[in-house]
Number of protein chains: 2
Amino acid sequence: MHSLNNLIIEFYDKLSSWEQSVVKDTGYSLAQVHTIEVLGSHGPMRMKELADRLGITTGTLTVQIEKLVNLGLVNRAAHEDDRRSILVGLTSEGTKLHAHHNRMHIELTKDITRNLDQHSIDVLKTCFEKMNREF
Amino acid sequence: MHSLNNLIIEFYDKLSSWEQSVVKDTGYSLAQVHTIEVLGSHGPMRMKELADRLGITTGTLTVQIEKLVNLGLVNRAAHEDDRRSILVGLTSEGTKLHAHHNRMHIELTKDITRNLDQHSIDVLKTCFEKMNREF
DNA sequence: GAGAATTATTTGATAATCAAACTAAGATGT
DNA sequence: ACATCTTAGTTTGATTATCAAATAATTCTC
C-alpha cells in the first residue's frame, strides 16, 4: 500500500510539473489555463459551479473571468431560468486554446504509456475508473 | 487513448481537490504543506533544489522558508562542502506534520483502491512505475 | 407575501509570485 | 595564481491570486 501511495504521489507531482511547464509556454497563468480546461471539457456553466470546480471563491473568480473576457477567451451569457446567474463559456478563441492544450495532454498520455501492453492499459483504465468513483 | 487521457485528468483533478481540502484543515497554506511534503519525503536539501522541485524561484522560496522557520517547522543548517549553500530540513514539529499528512495520503490510497483485486493492484503499480519513468 | 437562502460582484487586506539587482563563494581556463 | 565566469541565496519592487465580508439582486420556502 505504501509503495502504491508513493507511486501515486510521484505521478501527481510529475504531472504537476509537466502542466506548469506547458502552461508557461502559452503565456497565460496556471489559473487561467485551468479555467479554460474546465470550461472546455464540461461546457458553459455558472460562476458558482465553476468556482467550486476550481476550488476558489466566487469573488476570486469574478476578477479572473473579467480578465479572460478582456483577453477574448471567455464570454458571459444570461442564464435562462435564473436571473441571478450568468453562464460563462469559451469563445472560439478560447476553444482553440483548449483544443491545443488538450492535444498536448493526449500527446503526454501517449508518451508515458509507450511501454505498456494492451492488457495493462485495459487494467489501468478500469483501475482509474474505479478509483475516480471512490473519491 | 482519449478515454485514458480523460481518466488521468479526472484522477488528477480529484486528487487536487482532496489535497486542497485536507490542507485547509491544517491551517497552513497549500504552498507551505507542499514544501513540508517535499522535505519530508526527500530529506534536507539546498534551496535551489527545493525551489526546482516546487517549481518556484529561489527568491520566492527564501520568503517561504523564512515563514516556515518562524513557525518552527523548518530549520536551516550550513552546507558542509559549499559555503554558498544552506540545507533546509524539517524540525521535529515539521516531521510530525509531515507524518500526519502522509497518513492521510495512505488512508486515501487505501480508500480509493478498496474495490481493486490483487492482480489489478499489481498491474497498476507496474503501470505507475513505467509511466513515472517516462516523464 | 415575509423571511431565509442563493448568486454574483465589489472592496480591502494579505499572501504568493516573479524578474532583476546584489552579495558571496565556487569553478574554470590560461 | 588570478581574472573571469558561473552558481547559490537574498533582497527589493511590482504584479497577481486569493480570501472574507459586505452588498445587491433574485429565488426559494413556508
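Before reading further, recall that the structure is shown in the block above.
Residues numbered from 1 in each chain as written. Chains lettered and ligands numbered in written order. Predicted model: local features only at pLDDT ≥ 70, side-chain atom pairs only at ≥ 80, totals over all residues. Heavy atoms only, no water.

1. Notes on the interface of chain B and chain A
Next up, step 1: Contacts between the two partners involve 46 residues from chain B, matched on the other side by 46 residues from chain A.
Next up, step 2: Approximately 4900 Å² of surface area, both sides summed, lies buried where chain B meets chain A, with 71% of it carried by carbon and sulfur atoms.
Next up, step 3: Where chain B packs against chain A, one counts 2 salt bridges.
Next up, step 4: At the surface where chain B touches chain A, the tally comes to 15 residue pairs in polar contact (both at pLDDT 80 or more).
Next up, step 5: Only helix 1 (2-26), helix 5 (92-112) and helix 6 (118-134) of chain B provide two or more residues apiece to the side of chain B that touches chain A.
Next up, step 6: Looking at the side of chain B that touches chain A, the element that brings in the most residues is helix 1 of chain B, giving 16 residues.
Next up, step 7: In terms of residue class, the side of chain B that touches chain A is made up of 21 nonpolar, 15 polar and 10 charged. (Contact = heavy atoms within 4.5 Å. Buried area = accessible area lost by both parts, 1.4 Å probe. Salt bridge = Lys/Arg side-chain N within 4 Å of Asp/Glu carboxyl O. Polar contact = N/O pair within 3.5 Å; in protein donor to acceptor, adjacent residues only side chain to side chain. Helix = DSSP H or I, 4+ residues; strand = E, 2+ residues; numbered from the N terminus. Nonpolar A, V, L, I, M, F, W, Y, C, P; charged D, E, K, R; others polar.)

2. Remarks on the sheet that holds strand 2 (residues 74-78) of chain B
Within a beta sheet, neighbouring strands are joined by backbone hydrogen bonds and run either parallel or antiparallel to one another.
Residues and elements named next belong to chain B.
Next up, step 1: Read across the open sheet, the 3 strands follow the order 1-3-2; overall the sheet is antiparallel. Each edge of the open sheet is held by one strand with a lone partner, namely strand 1 (45-46) and strand 2.
Next up, step 2: The sheet contact formed by strand 2 and strand 3 (residues 86-90) spans 5 bridges and is antiparallel. Its bridge partner being in strand 3, A78 is matched across the sheet by I86. (Pairing = 2+ DSSP bridges.)

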